[in-house]
Amino acid sequence: MEEAAEGFPMINVDGSFVETTGDGSTGAVIRDVSGGFIAASYSYIFHVLDATMAEASALRDGLLLAQQIGSNRVQIQAGCMDVVDTMLDGGFSATASAAIYEECNQLRKDFVVISITHCNRDSNSVAHELARQALLEKSSCVWLDDPSIYLTVILVNDVTIVFNQ
């Protein structure tokens, strides 16, 4: 199922976790092959057991967002190597995140072409900021086609960073 997905929409996902409160959040952004905005979401999670659970939840949310826009060919980049490795190994886990990985495996079956790779924080800054905002606001939101002013600023800053490297 893991195929090269170059030339297809890119989904960046990230999760956040606050150990002291057990709060978590996810962020996901989908861009076209030229880096243009397609969709984004963030989600607040009332109780998360660990950072990996938040990261696995971010992958799930990214897959759901791709389905929502009708894309069945995608490239996914995640900042958590444990999530990437688990999914590349078939998505089987004996951790607290097992049910989330199982859901990701079921969602993955609906894609014709999908690749899941690891990326560094610099490449994942928009998804990271979305997850951070979900924690701050303790809310969830989805943008399709038109990003909010808040999201536009993050996207512009991200493009500026990419072009200055």
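For the structure, see preceding data.
The following paragraphs examine the structure supplied in this document. (Residues numbered from 1 in each chain as written. Predicted model: local features only at pLDDT ≥ 70, side-chain atom pairs only at ≥ 80, totals over all residues. Heavy atoms only, no water.)

Another aspect to go through is the nonpolar core. The biggest cluster of nonpolar side chains holds 29 residues, and the ones touching the most others in it are L63 and I76. Listing elements by their share of this core, those giving two or more residues are β1 (10-18), β2 (23-31), β3 (37-45), α1 (51-68), β4 (73-78), α2 (81-88), α3 (98-108) and β5 (113-118). No other element matches α1, which puts eight residues into this core. Other than its neighbours up to four places away in sequence, L63 contacts I76, C104, L107, F111 and I114. Judged by nonpolar contacts, the second largest core, of eleven residues, contains A40, Y42, L130 and L155. (Core = buried A, V, L, I, M, F, W, Y, C linked by side-chain atoms within 4.5 Å. Buried < 20%, exposed > 50% of the residue type's maximum accessible area, 1.4 Å probe, protein only. Helix = DSSP H or I, 4+ residues; strand = E, 2+ residues; numbered from the N terminus. Contact = heavy atoms within 4.5 Å.)

Next up on the list: α2. Residues three or four positions apart in an α-helix share a direction because the helix packs 3.6 residues into each turn. Those residues of α2 that sit buried are V83, V84, T86 and M87. Down the axis of α2, the sector holding all buried residues measures 165 degrees, keeping them to one side. At the C-terminal side of α2, G90 shows a positive phi close to 100 degrees. (Arc of directions from axis to C-beta.)

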